[in-house]
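Coordinates in review
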Amino acid sequence: MAKFRVRVSTGEAFGAGTWDKMSVSIVGTRGETPPLPLDHLGKEFNAGAEEDFEVTPPQDVGQVLLVRVHKAPLARSRPLAPSAGDAWFCRWVQLTPPQGAAPLCFPCYQWLEGEGSLLLREGTAKISWEDHHPTLQQQRREELQARREAYRWKTYIPGWPRCLNKETVKNLNLNIKYSVAKNTTFYLRGGSALAELKLKGLLDRKGLWKSLKEMRRVFNFRKTPAVEYVFEHWQEDAFFAYQFLNGLNPVLIRRCHYLPKNFPVTDAMVAPVLGPGTSLQAELEKGSLFLVDYGLLAGVRTNVINGRPQFSTAPMTLLYQHPGHGPLLPLAIQLSQTPGPNSPIFLPSDDKWDWLLAKTWVRNAEFSIHEALTHLLQAHLVPEVFALATLRQLPHCHPLFKLLIPHTRYTLHINTLGRERLIAPGQVVDRSTGLGIGGFSELIQKNMEQLNYSALCLPDDIRARGVEDIPDYYYRDDGMQIWGAVERFVSEMIDIYYPSDESVRDDSELQAWVWEIFSEGFLGRESSGLPSTLGTREALIQYVTMVIFNCSAKHSAVSAGQYDFGAWMPNLPPTMQLPPPTSKGQARLEGFLATLPPVNATCDVVTALWLLSKEPGDRRPLGTYPDEHFIEEAPRRSIAAFQSRLAEISRDIQERNRSLALPYPYLDPPLIENSVSI
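For the structure given in this document, a descriptive report is provided here. (Residues numbered from 1 in each chain as written. Predicted model: local features only at pLDDT ≥ 70, side-chain atom pairs only at ≥ 80, totals over all residues. Heavy atoms only, no water.)

Okay, the pairing of strand 1 (residues 4-10) next. Burial runs high along strand 1: 5 of the 7 residues are buried. Inspection of the sheet shows strand 1 paired to strand 5 (residues 50-55) by 6 bridges, in the antiparallel sense. Note that in strand 5 the partner of Arg 5 across the bridge is Glu 54. The pairing of strand 1 with strand 7 (residues 88-96) spans 6 bridges and is classified as antiparallel. The residue bridging Val 8 from the neighbouring strand is Val 93, located in strand 7. (Buried < 20%, exposed > 50% of the residue type's maximum accessible area, 1.4 Å probe, protein only. Helix = DSSP H or I, 4+ residues; strand = E, 2+ residues; numbered from the N terminus. Pairing = 2+ DSSP bridges.)

Right, here's the structure in full:
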């Protein structure tokens, strides 16, 4: 019988190699061979190895359709090897048929744990209606059925997006789990920070901070230029306003076309900033006023820390953009949604401590909204929905699976870890934030009633908030460049595989994927505007662009700066220990310190922000695809063009940042991870 040449590539990661016995079966139009051993003298399948074998099938299987890779525990006759089957990471298998036929590549990029097999398809991307052979059709169905069994949905908290049904990262399979290197770095980093704060006697101290100067001891273990800048400028009005554009939560500010009735700011109040003879109405008509409203916080339950009840408020902030290229500045702050004698409107012209305390209450609201909604809900729970639906509804050979799977890497691990170590009872959110798990849960439930498709699509969001032309809005500027690059890349990929709108409508796997995101992630809420089906290539391009952007750039923008802006705790206090002021003229330094979080809660949260701000190794920046799921030339050319465009964007961002006192690096493509992985 004719011989086939088999070339096998093993992954390079620690532990990717195996001692186990390997074999392949060749599946063709006329049947399947028995397992054909892959064996040389000596050790095979070491990490990073590419090895050639020859196999001789006992029968003619016809046109090759699939390759089945088998792994079985090594016989006990080799006592130096492990007695039980170990894990192996297969990158790809290449099969060269006899008589000079072209090699067939079978991408894999999967772990095989213990004894078992993997059934691999030739790497050309195929939509379901392109598979005509019954064997291939059956393989698609069986692959998806197995993955739906492995990756199930559960309701973590009613009203939240549904999530992966695993209680702990120990229960995850290796295909979605942190690598050994990433896992080790993550825990070593966290342990070193906690150990230092414990040695300083801060982590267990439940009392108040003695002074503002003492608080600097918290971030001595990891100073950055941005942390130092925040420390130097946190009291300044211009920096307070700047953070609405380029801080941790740059998605709330919107142009103010009319003053809310429950925010009765008058011309006299703002005359010191606007100048004499200038009216609020005139500025509203010019479009120079902006509003940040934390109304979702109204009525949300608060936490108890160290036995003391904590406090929260739902402030509104009015801001003014100076004509020309002047700075954005705060005009007025009201610390509740209900105006009246006990809810004064604070102004820059007020006493220093009154004004600083009002701004600090706004920053506390910023912490709560950012961590519960912008970060946890929109940048973790929603991308988990995308990841889980992708695994459950799109087979490996589907072009959208190949396109999207790099943007789901480690998302299920970090979110399972978050439910285990951050938002579980007794963990950081529960023990050290002003809202606790109960308040976070209420906020997410409230926001789920409002979250809509346009908020997830950056161009639509920018237009809806009316912030297209506000100057020095680097989140918008960099984000729009990246959105454009992703959209162009996605458009090229969709054009390759979907020749018409009808081909989009006829792709049953694509439609099942979209429906599952709508029903499981957005709970079937039609008012969200999220599509439950897609009918055109244009709609598909926008949808896939939205998924990739939110799983990469959006997460980076609202996550990577957490330590930079939060290490100096008064700039982003996680809780407040005294009620908000009901009158002016009472604030003093002593009361300001007494309002801020206790020492142990500060250290607890700052350590978490440090851990969650930077990727712990094993990185894959946006547009980096070392796992070559696509084997055709056309998608490879599009990937190369995408990478070139991202490099151009990076050069532009770095050039601009060199002239900024506080650079904005959070959307620089080499610093953006492909996926939500921290």
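Still more ground to cover, so stick around.
In this section: the packing of helix 8 (residues 352-393) against helix 10 (residues 411-421). Think of two packed helices as two axes; the pair is described by the angle between the axes and how far apart they sit. The interhelical angle for the contact between helix 8 and helix 10, taken along N-to-C directions, is 130 degrees, at an axis separation of 9 Å. Here helix 8 lies oblique to helix 10, going by the angle between them. The chirality of how helix 8 crosses helix 10 is left-handed. The residues of helix 10 that touch helix 8, namely those facing His 380, Leu 381, Pro 383, Glu 384, Ala 387, Leu 388 and Leu 391, are Thr 411, Leu 412, Ile 414, Asn 415 and Arg 419. In the contact of helix 8 with helix 10, the residues fall into 7 nonpolar, 3 polar and 2 charged. (Axes fitted to C-alpha atoms, helices over the stretch in contact; angles between N-to-C directions. Parallel < 35°, antiparallel > 145°, perpendicular 65-115°, else oblique. Left-handed = near helix turned anticlockwise from the far one by under 90°. Contact = heavy atoms within 4.5 Å. Nonpolar A, V, L, I, M, F, W, Y, C, P; charged D, E, K, R; others polar.)

Turning next to the pairing of strand 8 (residues 104-112). Among the 9 residues in strand 8, 7 count as buried, and that is most of the element. Looking at chain direction, strand 7 and strand 8 are connected through 7 bridges and run antiparallel. If you follow Cys 90 over to strand 8, its bridge partner there is Gln 110.

Two side chains carrying opposite charge are able to pair once their charged atoms lie near each other. Counted by the stated rule, this structure contains 40 salt bridges. Measuring nitrogen to oxygen at the nearest pair gives 2.7 Å for the salt bridge that ties Lys 359 to Asp 237. Of this pair, Lys 359 sits in helix 8 while Asp 237 is found in helix 5 (residues 237-246), placing the two residues 122 residues apart along the sequence. For Lys 359, a relative accessible area of 4% puts it in the buried group. Among the salt bridges present, the one from Arg 255 reaches Asp 469, with a minimum N-O distance of 2.3 Å. With a gap of 214 residues between them, Arg 255 in strand 12 (residues 254-255) and Asp 469 in the loop between helix 14 (458-465) and helix 15 (474-497) connect regions that are remote in the sequence. Residue Arg 255 is classed as buried on the basis of its relative accessible area, which comes to 16%. (Salt bridge = Lys/Arg side-chain N within 4 Å of Asp/Glu carboxyl O.)

Read across the sheet, 5 strands follow the order 12-13-16-17-18 without closing on themselves; strand pairing throughout is antiparallel. Each edge of the sheet is formed by a strand with only one pairing partner; in this case those strands are strand 12 and strand 18 (345-346). Across 5 bridges, the pairing between strand 13 (residues 289-293) and strand 16 (residues 316-321) is antiparallel. Counted as the bridge partner of Leu 291 is Leu 318 from strand 16.

Once that is clear, we can look at the environment of Arg 141. Mapping Arg 141 onto the fold places it in helix 1 (residues 134-150). For Arg 141, a relative accessible area of 54% puts it in the exposed group. Each C-alpha atom, one on Arg 141 and one on Gln 393, is 9.9 Å from the other, the two residues being 252 residues apart in sequence.

This paragraph deals with the nonpolar core. Core analysis: the biggest nonpolar cluster contains 163 residues, and Ile 253, Trp 513, Tyr 543 and Met 546 have the highest contact counts within it. A per-element tally of this core places helix 8 first, with 23 residues. Of all hydrophobic cores here, the second largest spans 24 residues; its members include Phe 4, Val 67, Trp 88 and Leu 118. (Core = buried A, V, L, I, M, F, W, Y, C linked by side-chain atoms within 4.5 Å.)

What follows covers the environment of Gly 326. Summarising the element assignment, Gly 326 is placed in the loop between strand 16 and strand 17 (328-334). Distance from Gly 326 to Asp 472, taken between C-alpha atoms, is 9.9 Å for residues 146 residues apart in sequence.

Applying the stated criterion across every chain yields a total of 4 cavities of 30 Å³ or more. Every residue lining the largest cavity is listed: Trp 234, Phe 240, Gln 243, Leu 356, Lys 359, Thr 360, Arg 363, Pro 570 and Asn 571. For the lining of the largest cavity, the elements supplying multiple residues, two or more each, are helix 5 and helix 8. In the lining of the largest cavity, the residues fall into 4 nonpolar, 3 polar and 2 charged. Here the second largest cavity defines a volume of roughly 40 Å³. Every element with two or more residues in the lining of the second largest cavity is listed here: helix 9 (399-404) and helix 15. (1 Å grid on protein atoms, 1.4 Å probe; cavity = no way out; pocket = protein on both sides within 12 Å on 5 of 7 lines; lining within 4 Å. Points joined across faces, edges and corners; volume = space filled by probe spheres on them.)

Another point: the packing of aromatic side chains. Using the criterion set out here, one finds 23 aromatic pairs in the structure. Centre to centre, the rings of Phe 45 and Trp 88 are 5.7 Å apart; their planes meet at 75 degrees, and the pair counts as edge-to-face. Separated by 43 residues along the polypeptide, Phe 45 in the loop between strand 4 (36-38) and strand 5 and Trp 88 in strand 7 bring together distant segments of the chain. Each member of the pair, Phe 45 together with Trp 88, is buried. Between the aromatic rings of Phe 240 and Phe 244, the centroid separation amounts to 5.3 Å while the plane-to-plane angle is 85 degrees, which identifies the pairing as edge-to-face. Note that Phe 240 and Phe 244 are positioned in helix 5 at a spacing of 4 residues, about one turn of the helix. Since its relative accessible area comes to 1%, Phe 244 is described here as buried. Taken together through their ring pairs, the aromatic side chains of Phe 231, Trp 234, Trp 353, Trp 568 and Phe 592 make up a single cluster. Positioned above the aromatic ring of Trp 209 is the side chain of Arg 205, whose terminal nitrogen or guanidinium carbon lies 5.9 Å from the ring centre. Over the aromatic face of Phe 231 sits the side chain of Arg 216, whose NZ or CZ is 3.9 Å from the ring centroid. (Phe/Tyr/Trp six-rings, centres within 6.5 Å; stacked < 30°, edge-to-face > 60°. Lys NZ or Arg CZ within 6 Å of the ring centre and 35° of its normal.)

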